[in-house]
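Listed here are the chains, written in short residue letters.
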Amino acid sequence: MELTPAFPVIGYDARDTREVGPVNYGCGFLLKDVTKPLSVDDAIWWSVFDREGLEVPEWRGPRQNNWENLAAMQACAVENHLEGFRTIAITQMPEEEEGAIGSDVSNPGEVQPGWEFLGYDVADYFLLSGLMNCGYTEEEMAVLCERFGDRLNQNHLFTSIQAAEEFMLLSDERVPEHAPFYVFGLYLIP
């Protein structure tokens, strides 16, 4: 089994586990049939903080609506009496020259013992998934299902950093309007 490198944490979120209606990603968005896709992209895996009527701080963190502070996020979930969610950490594979932007403010800033690795997603800086939210043509589907389908887990995430990096480079070419893409790790926090 491949060791999972611990990249810096760039944010936290509480993602919805309730069935809130039919989720139809339609033909051309997934490379493998899965029960429930999990993603850094909150258009794919919804944040519970997007539910109507919640009182949440205007500033949560530097990356989209992800929280920079795990304890503050957990306190907000308790204050709002939220149920039906899983707490996650999002990590980013650092670039050689830059590092993971936002990781210097996350608290905690690194993966903690006991967190469960869910897999790698490939997304742009703003966490739009190139793996599940950038549509595929029929021709791309045929080639990419063959090339990557068996390298995705039951949640449509890569388990191999090499496969994720390969898909990242391909995404830069395939969807240049969202390039550059990055590799993100997803962790379930018990």
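Keep in mind it's a predicted model, so treat the numbers as computed, not measured.

An account of the confidence of the model for the protein chain is requested, with residue identities and associated values reported.
Overall, the predicted model of the protein chain reaches an average pLDDT of 89, with 88% of residues at or above 70. When pLDDT is averaged over each helix and strand of the protein chain, the minimum, 94, is found for helix H2 (residues 138–148) and the maximum, 98, for helix H3 (residues 161–174). In this model, residues 21–25 is a region of pLDDT below 50 whose contacts with residues beyond four sequence positions or in other chains number three contacts.

Report on helix H1 (residues 70–79), specifying residues and quantitative values.
Turning to H1, its buried residues number three or more, namely Leu70, Met73, Cys76 and Ala77. Along H1, the residues classed as buried sweep out an arc of 130° about the axis, all on the same side. Exposed and facing more than 90 degrees away from the buried side of H1 are Ala71, Val78 and Glu79. Taken together, the buried residues of H1 touch strand E1 (9–16), strand E2 (85–92) and strand E4 (181–189).

A description of the environment of Pro5 should follow, citing residues and the corresponding values.
By the element assignment, Pro5 lies in the segment before E1. With a relative accessible area of 30%, Pro5 lands in the partly exposed category. For the pair Pro5 and Gly185, spaced 180 residues apart in the sequence, the C-alpha separation amounts to 9.2 Å.

Give a description of the pattern of salt bridges that names residues and reports values.
Following the criterion strictly, the structure yields five salt bridges and no others. Arg51 is paired through a salt bridge with Asp16; the nearest N and O atoms lie 3.1 Å apart. Placement of Arg51 in the loop between E1 and H1 and of Asp16 in strand E1 is noted, with a sequence separation of 35 residues between them. Among the ionic pairs, Glu166 bridges to Arg147, the shortest N-O distance being 2.9 Å. Placement of Glu166 in helix H3 and of Arg147 in helix H2 is noted, with a sequence separation of 19 residues between them.

Which residues make up the sheet that holds E2, and what values go with them?
Strand order in the open sheet formed by four strands is E1-E2-E4-E3, with antiparallel pairing between adjacent strands. The two strands at the open ends of the sheet, each matched to only one other strand, are E1 and strand E3 (116–124). Neighbour-to-neighbour, the strand axes of this sheet turn through a mean angle of 30°, independent of strand direction. In terms of strand pairing, E3 meets E4 through eight bridges, oriented antiparallel. Across the sheet, the residue bridging to Asp121 is Phe184, located in E4. Across the face of the sheet, H3 comes into contact with E3 and E4 while running at roughly 140° to E4.

Give a description of the nonpolar core that names residues and reports values.
With 39 residues, the main nonpolar core has Leu31, Ile90, Leu131, Phe158, Phe167 and Phe184 as its most contacted residues. Elements with a contribution of two residues or more to this core: E2, E3, H2, H3 and E4. Residues in contact with Leu31, not counting those within four places in the same chain, are Leu131, Tyr136, Met141, Leu144, Cys145, Phe148, Gly149, Leu152, His156 and Phe167. Judged by nonpolar contacts, the second largest core, of 16 residues, contains Ala14, Phe49, Cys76 and Leu82.

How each quantity is defined
Residue positions are given per chain, counted from 1 along the sequence in the order it is written. Totals for whole chains, interfaces and linings use every residue, but because this is a predicted model, local features are given only for residues with pLDDT of at least 70 and side-chain atom pairs only at 80 or more, for both listing and counting. The side-chain values count all of the structure's non-hydrogen atoms but skip hydrogen atoms and water molecules. What pLDDT reports is the predictor's confidence in each residue, on a scale of 0 through 100. Only DSSP runs of H or I reaching four residues or more are called helices, and only runs of E reaching two or more are called strands; each is numbered from the N terminus. Note on contacts: a residue pair is in contact if any heavy atoms of the two residues lie within 4.5 Å. Only protein chains enter the accessibility calculation, which uses a 1.4 Å probe; a residue is then buried when its area is under 20% of its type maximum, exposed when over 50%, and partly exposed in between. Directions from the helix axis toward the C-beta atoms define the arc. Counted as salt bridges are all cases of a side-chain nitrogen of Lys or Arg within 4 Å of a carboxyl oxygen of Asp or Glu. Think of it this way: DSSP has to see at least two bridges between two strands before they count as a pair. Note on method: axes are straight lines fitted to C-alpha atoms, helices fitted across the in-contact stretch only, with angles between N-to-C directions ranging 0 to 180 degrees. Among buried residues, those of type Ala, Val, Leu, Ile, Met, Phe, Trp, Tyr and Cys that are joined through side-chain atoms within 4.5 Å constitute a nonpolar core.

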